[in-house]
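As a plain string of letters, each chain reads:
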Amino acid sequence: MMKKPLLGLSMMPEAEFVPAILPMLQNNSVEVLEWSFDTLYDTDEPEWLGGLLDFYSENSRLLGHGVYYSLFDARWTDRQEIWLEKLKKELDRRNYNHLTEHFGFMNTENFHQGVPLPVPLDPTILKIGKDRLRRLQDAAEIPVGVENLAFSFSIDDVKEQGEFLNELVEEIDGFLILDLHNIYCQACNFEVDIREIVNVYPLEKVKEIHLSGGSWQESSYGKNVRRDTHDDRIPQDILNILPGVIAQCQNLNYVIIERLGHTLNTEAEKQIFLDDFNKVQRIIENSDYSVGEKKSWNRRKFDYSEPFEDLLLYNEQTRLTKLLFDGNGVESVRNEKFHYFKPEIWDAEMILTAQQIIKKWNPY
Amino acid sequence: MKVPALVMASLLAVSVSAQTTKPVKKVKKPVSKIKKAESPKPIKTAETKFVPKKDSVFRGGGGCPACGMG
């Protein structure tokens, strides 16, 4: 078994987040901070936030969590080059223990207004993911990991994501973030036991666990859809399985709680957030750990090569994003012919959910 | 992790400011007995459309799309 994982928070830049986390900081309970550095690219960082991030960085307790790199964008453009240049500057400025990104692709003209959509396990798509991950690894020069995605169009997406991530991170001797609320969403939306999904992931590669809450969205197709909105308490089902999952993840180093900054406005909401933090802290304290062999990172060296691109996939990613944004009916999405995507097997509720999420985040 | 006093002081300050700048309930305006002169109608101009810069950060909706179901 590994040593006790460190408990921390995903830091938010909103001032409203600070009163909610003060009790934990005053108790010296926040052992590590995670920071999505690219959400504030081109925006001034508030002084109070910079001071806190610098403190955790100086103590080797800061984790980097990218949002907008997009591991499966089929084209390589200036956008990715610029993102990596900014990443290098951020890594010169602060010391991050490791860096993570998300599974999926974003494909819009204005990149910061996209949402990641899942991709099927296909040799060409895997090759693109590996290429992007190698470039990220070369730029970062610290361990790099990938987080599982909540959104899935079909049960096939759910079943194959573990294997896909396993093959993907193998390329760089990378690791996984296991987001348990993302898996909870899939379990609810496809009526599968949450533990069954957890067990298809290569748990020995999990270095970090994410915990959060979410919300229910009404569906005209009869069942409600669970969404990962990071705006409510951690579901009890997740807290129930957490001790078992911690025990299965032999190389786990960090447990991070995520909550959006602007969703903690009332005293009751702040109390729920604090209660969640304390419950997770107790679960970690009460888990059994003994010192075992520490897995060391074996950095791979890569020869320079041109970025791998696939124009057919790029066209399909663009067509799919547009199709969903335009709000075409479920049947017309299902009838659309693709080479890589298989909309004919997608769930009606999930097509509608994708349309709503894309409209929310991507105004074109 | 014990956060240094200086960093904590800055967090306390922003915390107080975040809690005191919440919108307060609107106070009813006293009814004015003097009839206001009608203001001239605004002249219609072409609508200005917001064109976001390429790769600009748009945080208007609040939240984070990263996990794909936000």
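Going by the structure above, here's the rest.
Thresholds applied
Residues numbered from 1 in each chain as written. Chains lettered and ligands numbered in written order. Predicted model: local features only at pLDDT ≥ 70, side-chain atom pairs only at ≥ 80, totals over all residues. Pairing = 2+ DSSP bridges. Helix = DSSP H or I, 4+ residues; strand = E, 2+ residues; numbered from the N terminus. Axes fitted to C-alpha atoms, helices over the stretch in contact; angles between N-to-C directions. Contact = placed C-beta atoms within 7 Å. Left-handed = near helix turned anticlockwise from the far one by under 90°. Nonpolar A, V, L, I, M, F, W, Y, C, P; charged D, E, K, R; others polar. Buried ≥ 20, exposed ≤ 12 C-beta atoms within 10 Å, placed from the backbone. Expected span 1.5 Å × (residues − 1).

Undergrad: Hey, could you run me through the sheet that holds strand β3 (residues 62–65) of chain A in this one?
TA: Residues and elements named next belong to chain A. Taken in spatial order, the 8 strands line up as β1-β2-β3-β4-β5-β6-β7-β10 and close into a barrel, and their pairing is parallel. Within the sheet, the average angular offset between the axes of one strand and its neighbour, ignoring direction, is 25°. The pairing of strand β6 (residues 175–179) with strand β7 (residues 206–211) spans 4 bridges and is classified as parallel. Note that in β7 the partner of Asp179 across the bridge is His210. Across the sheet, helix α2 (residues 47–58) touches β2 (32–35) and β3, and the angle it forms with β2 is around 120°.

Undergrad: Just checking my understanding: could you explain the packing of α2(A) against helix α1 (residues 5–20) of chain B for this structure?
TA: When two helices pack together, their arrangement is captured by the angle between the axes and the distance separating the axes. Where α2(A) contacts α1(B), the two axes come as close as 9 Å, and the packing angle between them is 145°. The hand of the α2(A)/α1(B) crossing is left-handed. Taking contact as the criterion, the partners of Glu47(A), Trp48(A), Gly51(A), Leu52(A) and Phe55(A) in α2(A) are, on α1(B), Val7(B), Ser10(B), Leu11(B) and Val14(B). Broken down by class, the residue content of the contact of α2(A) with α1(B) amounts to 6 nonpolar, 2 polar and 1 charged.

Undergrad: Would you mind going over the environment of Ala354(A) with me for this structure?
TA: Residue and element names in this part refer to chain A. Within the secondary structure, Ala354 sits in helix α12 (residues 348–361). According to the C-beta neighbour criterion, Ala354 is buried, with 26 such atoms within 10 Å. As a C-alpha pair, Ala354 and Val115 span 239 residues in sequence and 9.1 Å in three-dimensional space. For Ala354, the residues in contact, after removing those within four places along its chain, are Leu117, Phe151 and Leu324.

Undergrad: Would you take a moment to explain helix α4 (residues 123–140) of chain A for this structure?
TA: In an α-helix there are 3.6 residues to a turn, and that puts residues three or four apart on one side. All names here are of chain A. In a regular helix each residue adds 1.5 Å, so 18 residues correspond to 26 Å; α4 covers 25 Å between its end C-alpha atoms and thus fits that length. The elements touched by buried residues of α4 are α3 (78–93), β4 (99–102), β5 (144–147) and α5 (155–170). Phi turns positive one or two residues past the end of α4, at Glu141, with a value near 60°.

Undergrad: I would appreciate a short explanation of the environment of Phe308(A) in the present structure.
TA: All names here are of chain A. Within the element layout of this structure, Phe308 appears in the loop between α9 (267–286) and α10 (311–325). With 180 residues separating them along the chain, Phe308 and Ile128 place their C-alpha atoms 6.1 Å apart. Leave out the neighbours within four places in its chain, and Phe308 touches Lys127, Ile128 and Asp131.

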